[in-house]
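This is what each chain is made of:
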Amino acid sequence: MDWIRSLVPPNIDPIMKSMEKIVSLCKRRGFLFQSSEIYGGVQGFWDYGPLGVELKRNLKEAWWYDMITSHNELVTPPDAPGSYEMVGLDSTIIMHPQVWKCSGHYDLFHDHMVDCRESKKRYRFDQVRGRWVECRDKKVFVTTMAESEDELDEVRRRGMKFFKLRNKDADKITIGGESITIDRLDSTSDVLGPDAKKLDTLTEPREFNLMFKTTLGALGGDDDVTFLRPETAQGIFVNFKNVLDSSRVKVPFGIGQVGKSFRNEITPRNFTFRSREFEQMEIEFFCHPDQSHDWYRYWRDRRLAWYTSLGLSSESLIMREHHAAELAHYSVGTADIEYAFPFLPEGEYGELEGIAHRGDFDLRSHMEGKLDPATSPMTVELGENGKPKHRGSGKDLSYRDEATNDRFVPHVVEPSAGADRGALAFLCEAYTEDEAPDEKGNMQSRTVMKLHPRLAPIKAAVFPLVKKDGMPEIARDLYGELKQEMTVFYDEKGAVGRRYRRQDEAGTPFCITVDTETLNDQTVTIRDRDSLEQWRVKLDHVATELRQRTGSR
């Protein structure tokens, strides 16, 4: 048909991705909503809509399948030091409070915060950014919590207001070129707080524990206090012996877990990047100490390759090794996979996943008691009475190699990914504005989410070209068949070009049209979202075609 044959690949005009447009599309199309929005929302919490929940579920399932389910322990993967086993776990969100004391979270899991004595607001010390503003031989540091693209304009506006200047006097102030955070300043005496009108209103920074407290039981006394987990990793460590005894796994092996975690962030921001409730996809990989560095390099490189295999551009990703001063108290080495999120200044990256070489800190801590990070090699931290400050379980969490009779405490390599940050990165990467022809061949601008088929919320949409001549009946039967295997969408409303645009915004990789030729030869047209290529397929081959192209199982 003419309207099919006239379609040509899109004329792509790359643009700077706008976070505002991405957030707007996420709400308009049902990817993400502010939690409790009808009551004004709750900062740092987000709900996933009909498309968002499918995207996030597909991301978690892709991770679980690639890391756990499909792993073949009988062969050595490329670049791996050897063969290994992988199993899964699902531990509880609330655990014994002693877990968090031995892990170090109770004493060490904190950020530094500052309060504004004028506005009564609280900020995370290392997130308040600003620039030096000079006028009439006076120099002040003007801060803001605005997004990076709005920061300079906001600093200029606030600086002019502080110096009581009108718009016509804008040339009387000088703004420093470098944006820095206030934790890099020697003093806050010349700082104009983000919501203040006077200088020197910020308090000295102090520690703020990020764990959410809760109580067990009806009494709610001090002995009943526990915490919502800030990470899923500890649930794996405290189940190490249970998994070892019940699964007959042998070192090296990994335990994977996907689950919710909670952190009471002082200033959650940047959409879902820094939230108070989030999901993690974590592996704790247990190995012999002598091989741990090799396994660390293997997991670091493998996890980076996973993101590019699902569509993140290698140009937008970096692997950043932590400097010694950055390392966590338990870490022998850590590398972050970072992504160039659109809300960050050009040239800056945000953490997507951390791969940490944790040594034997975790298993030893849960055996002996919390280890002292100030000691090398680490020994149990003692209290004033000379006994362990936080006692361990006393259980033997060492491992005996049956072949060599060697007994050791395994070292751990931890690839820890955020499902929410991952979903956000794939949304940002997928957002594209280009031009494509409509059904008449006229070029029209379009917004398209170029999500990898494995991650796309809807794998295919089924359209009858018109609502007559038996086309809807055939389309509905095909829709019912496909729906047994994958997430599909049926649409018979409006011109087919507009239906295409709606699916492009939803990220649907393939659209299937039942037309007049279907009535003659039992074939349908399949249209590719990205290339706009179209081809005809027999009705009874459509499911197989889509299964192959989307990676559906």
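Note that this is a predicted model, so its numbers are computed, not measured.

Novice: With reference to specific residues and values, describe the nonpolar core.
Specialist: Counting 56 residues, the largest nonpolar core has Phe285, Trp295, Trp299, Tyr307 and Phe341 as the members making the most contacts within it. Contributing elements (two or more residues each) for this core: helix H2 (19-28), helix H3 (50-69), strand S15 (277-287), helix H9 (292-309), strand S17 (333-339), strand S18 (350-359), strand S21 (411-418) and helix H11 (419-430). Tallying contributions element by element places H11 first for this core, with 8 residues. Among all residues touching tryptophan 299, those that are not within four sequence positions of it are Met67, Tyr84, Met86, Ile283, Phe285, Ile355, Val413 and Pro415. If you look at the next biggest cluster of nonpolar residues, it comprises 27 residues, including Ala475, Leu482, Ile512 and Ile526.

Novice: Give a detailed account of the packing of aromatic side chains, specifying residues and quantitative values.
Specialist: Here the distance between the centres and the angle between the planes together describe a pair of aromatic rings. In total, this model carries 27 aromatic pairs according to the counting rule given. Centroid distance phenylalanine 237 to phenylalanine 286: 6.3 Å. Interplanar angle 85°. Geometry classified as edge-to-face. You can see phenylalanine 237 sitting in helix H7 (residues 233-237) and its partner phenylalanine 286 sitting in strand S15, a full 49 residues away along the chain. A centroid spacing of 4.7 Å and a plane angle of 45° characterise the contact between phenylalanine 240 and phenylalanine 286, whose relative ring orientation is tilted.

Novice: Any details on a nonpolar patch on the surface? Residues and values, ideally.
Specialist: Side chains of Ile93, Ile94 and Leu216 sit close together on the surface and give an oily, nonpolar patch of about 210 Å² of accessible area. Its location among the elements puts leucine 216 in the loop between strand S12 (213-215) and strand S13 (225-227). Since its relative accessible area comes to 42%, leucine 216 is described here as partly exposed.

Cut-off values and rules
Along each chain, the written sequence defines residue order, and numbers are assigned to residues from 1. Since the coordinates come from a predicted model, pLDDT governs what is reported: local features require at least 70, and pairs of side-chain atoms require 80 or more to be given and counted, while whole-chain, interface and lining totals use all residues. In computing side-chain values, all of the structure's heavy atoms are included and hydrogens and water are not. Here, nonpolar core refers to any group of buried Ala, Val, Leu, Ile, Met, Phe, Trp, Tyr and Cys residues whose side-chain atoms link them within 4.5 Å. Accessibility here uses a 1.4 Å probe with only protein chains present; expressed as a share of the type maximum, an area under 20% marks a residue as buried, one over 50% as exposed, and anything in between as partly exposed. Under the scheme used here, helices are H or I runs from DSSP no shorter than 4 residues and strands are E runs no shorter than 2 residues, and both carry numbers assigned from the N terminus. Between two residues, a contact is recorded if the distance between any of their heavy atoms is within 4.5 Å. Any two of the Phe, Tyr and Trp rings considered here, Trp counted by its six-membered ring, make a pair once their centres fall within 6.5 Å; the pair's planes then place it as stacked at under 30 degrees, edge-to-face at over 60, or tilted in between. Residues enter patches when their relative accessible area tops 30% and they take part in no salt bridge; the joining distance is 9 Å for like charges and 5 Å for the nonpolar side chains Val, Leu, Ile, Met, Phe, Trp and Tyr. Only the protein chains shown count as cover for residues, and the accessible areas themselves come from Shrake-Rupley with a 1.4 Å probe. Any carboxyl oxygen of Asp or Glu within 4 Å of a side-chain nitrogen of Lys or Arg constitutes a salt bridge here.

On their own, these measurements won't tell you what the molecule is for.
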